[in-house]
Amino acid sequence: MESLHQALKIAFASEFAFYLKAHYFHWNVEGPNFKQLHDLFGLIYEEVYDSIDTFAENIRKVGAYTPGSFTRFSTLSGINDETEVLPPEAMLAELLQDSEKMSEMFRIVFKASEELGLHGLSDFLAGRQDAHDKHSWMLRSTLK
Ligand SMILES: [Fe+2]
């Protein structure tokens with residue numbers, strides 16, 4: 001259970017960092033495709049943000065405390081912070097890479113959850129993996 005707790009906290013901090021980056025790109029993207037990219041990043045950050053509270057409560061349900069500070073997030077997160085304002089293509093490529101990373105993270109945590117028979121949690125984690133696969137598809141298709 002201890003290793004599942006830690007893996008969940010890492011995935012949660014990473015998901016929050018991913019959400020923040022998508023919102024950051026939504027705010028700062030520029031260029032001739034501004035509207036399309038602003039909307040795409042908007043769609044992604046909203047979907048991820050909407051999952052955050054349920055994610056936090058799922059962590060509480062298995063008996064761990066949910067991290068909720070920038071200090072803890074930056075220690076735990078597997079998603080690197082972006083502090084620069086990147087060109088649009090670099091934003092897409094970076095968020096695609098991060099989304100694929102999130103999908104892989106959820107695939108692994110799902111296995112740990114299933115080993116403990118936590119089917120409700122597994123269901124949530126499978127949903128997050130699937131959501132990131134969808135975000136990755138949209139980002140990849142926009143980059144082509
Ligand atoms: Fe907005």
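Each value, and the rule that gives it
Residues numbered from 1 in each chain as written. Predicted model: local features only at pLDDT ≥ 70, side-chain atom pairs only at ≥ 80, totals over all residues. Heavy atoms only, no water. Helix = DSSP H or I, 4+ residues; strand = E, 2+ residues; numbered from the N terminus. Rg over C-alpha atoms; globule rule 2.2 N^0.38 Å. Buried < 20%, exposed > 50% of the residue type's maximum accessible area, 1.4 Å probe, protein only. Contact = heavy atoms within 4.5 Å. Areas by Shrake-Rupley, 256 points an atom, 1.4 Å probe, with all protein chains shown as cover. Lys, Arg positive; Asp, Glu negative; His and termini not counted. Charge placed at Lys NZ, Arg CZ, Asp CG, Glu CD. Phe/Tyr/Trp six-rings, centres within 6.5 Å; stacked < 30°, edge-to-face > 60°. 1 Å grid on protein atoms, 1.4 Å probe; cavity = no way out; pocket = protein on both sides within 12 Å on 5 of 7 lines; lining within 4 Å. Points joined across faces, edges and corners; volume = space filled by probe spheres on them. Nonpolar A, V, L, I, M, F, W, Y, C, P; charged D, E, K, R; others polar.

Turning next to the overall build of the protein chain. On a plain count of helices and strands, the protein chain comes out with five helices and zero strands. Order of helices (α) and strands (β) in the protein chain, N terminus to C terminus: α-α-α-α-α. Rg of the C-alpha trace for the protein chain: 15 Å, near the compact-globule value of 15 Å for 144 residues, within the 12% margin. C-alpha atoms of the protein chain, sized along the principal axes, occupy 50 × 30 × 20 Å. When burial is assessed residue by residue, the protein chain has 47% of its 144 residues classed as buried. Long-range contacts, defined here as pairs at least 24 residues apart, represent 80% of the contacts in the protein chain between residues at least 6 apart. Split by element, the accessible area of the protein chain, about 7,800 Å² in all, is 54% carbon and sulfur. A gap of 4 Å separates the mean positions of the 13 positive and 22 negative side-chain charges of the protein chain.

Bringing the environment of Met91 into the picture now. Counting through the fold element by element, Met91 comes out in helix H4 (residues 88-115). Judged by relative accessible area, which is 0%, Met91 ranks as buried. Sequence spacing of Met91 and Lys21 is 70 residues, and the spatial spacing of their C-alpha atoms is 9.3 Å. What Met91 contacts, discounting residues up to four positions off in sequence, is Phe25, Asn28, Val29, Phe41, Val85 and Leu86.

Considering the arrangement of structural elements, one finds Ser136 in helix H5 (residues 119-143). Beyond its immediate chain neighbours, meaning those up to four positions away, Ser136 contacts Leu96, Ser99 and Glu100.

Enumeration over the complete set of coordinates arrives at ten aromatic pairs. Ring geometry for Phe55 and Phe106: centres 5.9 Å apart, planes at 50°, overall tilted. Taken as a pair, Phe55 in helix H2 (residues 34-61) and Phe106 in helix H4 lie far apart in primary sequence, 51 residues in all. The buried category is assigned to Phe55, whose relative accessible area is 0%. What links up through ring pairs into an aromatic cluster is the set Phe12, Phe16, Tyr19, Tyr45, Tyr49, Phe55, Phe73, Phe106 and Phe124.

If you add up the space inside the largest pocket, you get close to 240 Å³. For the lining of the largest pocket, the secondary structure elements donating two or more residues are helix H1 (2-28) and helix H3 (70-76). Top contributing element to the lining of the largest pocket by residue count: H1, with four residues. The class makeup of the residues in the lining of the largest pocket is seven nonpolar, three polar and one charged.

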